Amino acid sequence: MPADIDQILKKSQEACALTGAKLTSKRKNVLTVLLTASTPLSAYEIVERYKVQFNEALPVMSVYRMLDFLIQEKLVHKLETAGQYMICAHITCDHPHEMPQFLICDRCHAVKEIGIKKQIMSELERGIQSTGFALNKKQLELHGFCEHCQNKSK
C-alpha cells in the first residue's frame, strides 16, 4: 500500500479516536477501497472491489452501515444525485471545513470537491427559508464537464 494511503488511514484512525469512535479493520478496508478508486463508487462496486482487494466477501448492508459510519466521522461523502461514495478531499486537514460542493463531470465522472464559504451558505439558506421551504440536506452537487473533457471535445 502506498505510504500516502497508510498516512491517511493513520490520520483517519486518530480522528476517529478523538471522537470516541473505532475505525475497525473492515471500516479501514472500505476506506482503502475508496482511497484507491479514481472515481466515486456505489456500495455494490465497493463490495466487488473489497472482495478483490481483501479476498473477503462483505454483505452490501454491512457496507452501507460502514459507509454511514465513515460519513458520520467526516471521512467520506455521499454524492446524493449518483448514489455513490467518495473520500473527503480534506480527510487529512486539521482546519475546520467549509460546506462541501461537488463538481461532477458528466462525461468522465470525475468529481472535484470544493468548499463554500459559510457566509455564502448562510445567505443561500436565508433566501430559501424566506420561501417557507425547509432544507434537510445542504450539500450542493453541480453537473457539467471537467476541464479535461472540455479540451478533448475541441
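Cut-off values and rules
Residues numbered from 1 in each chain as written. Predicted model: local features only at pLDDT ≥ 70, side-chain atom pairs only at ≥ 80, totals over all residues. Heavy atoms only, no water. Pairing = 2+ DSSP bridges. Helix = DSSP H or I, 4+ residues; strand = E, 2+ residues; numbered from the N terminus. Axes fitted to C-alpha atoms, helices over the stretch in contact; angles between N-to-C directions. Contact = heavy atoms within 4.5 Å. Buried < 20%, exposed > 50% of the residue type's maximum accessible area, 1.4 Å probe, protein only. Polar contact = N/O pair within 3.5 Å; in protein donor to acceptor, adjacent residues only side chain to side chain. Disulfide = S-S within 2.5 Å.

**Focus on the sheet that holds strand E5 (residues 140-144)**
Here is step 1: If you trace the three strands from one edge of the open sheet to the other, you get E4-E3-E5, paired in mixed fashion. Of all the strands in the sheet, the pair left with one neighbour each is strand E4 (111-116) and E5. When the angles between neighbouring strand axes are averaged without regard to direction, this sheet yields 25 degrees.
Here is step 2: Strand direction decides the pairing type here: strand E3 (residues 99-105) and E5, joined by five bridges, are parallel. The residue of E5 that forms the bridge with cysteine 105 is glycine 144.
Here is step 3: Relative to the sheet, helix H5 (residues 118-129) contacts E3, E4 and E5, its axis offset from that of E4 by approximately 85 degrees.

**As for the environment of isoleucine 71**
Here is step 1: Among the secondary structure elements, isoleucine 71 is positioned in helix H4 (residues 60-72).
Here is step 2: Residues isoleucine 71 and isoleucine 87 lie 16 residues apart in sequence; the distance between their C-alpha atoms is 9.2 Å.
Here is step 3: Setting aside its immediate chain neighbours within four residues, isoleucine 71 contacts Val76, Lys78 and Tyr85.

**Some remarks on the side chain of glutamate 141**
Here is step 1: The residue glutamate 141 is located in strand E5 in this model.
Here is step 2: Glutamate 141 sits in the buried class, given a relative accessible area of 15%.
Here is step 3: A distance of 2.6 Å separates the side chain of glutamate 141 from the backbone nitrogen of glutamate 80, its partner in a polar contact.
Here is step 4: At 2.5 Å, the side chain of glutamate 141 and the side chain of threonine 81 are in polar contact.
Here is step 5: Discounting chain neighbours no more than four positions away, the residues touching glutamate 141 are Lys78, Leu79, Glu80, Thr81, Ala82, Phe102 and Ile104.

**Section: the pairing of E4**
Here is step 1: For E3 and E4, the ladder comprises six bridges, and the chain directions are antiparallel. Of the residues in E4, the one forming a bridge with proline 100 is glycine 115.
Here is step 2: The antiparallel pairing of E3 with E4 creates a hairpin that spans five residues between the two strands, and histidine 109 there sits at a positive phi of about 70 degrees.

**Focus on the state of the cysteines**
Here is step 1: This structure, assessed with the given rule, holds zero disulfides.
Here is step 2: Of all cysteine sulfurs in the structure, the one in cysteine 88 sits closest to cysteine 16, which takes part in no disulfide; the separation is 12 Å.
Here is step 3: The thiol of cysteine 146 is unpaired, and the distance to the nearest cysteine sulfur, on cysteine 149, comes to 3.7 Å.
Here is step 4: Under the relative-accessibility criterion, cysteine 146 is labelled partly exposed at 23%.

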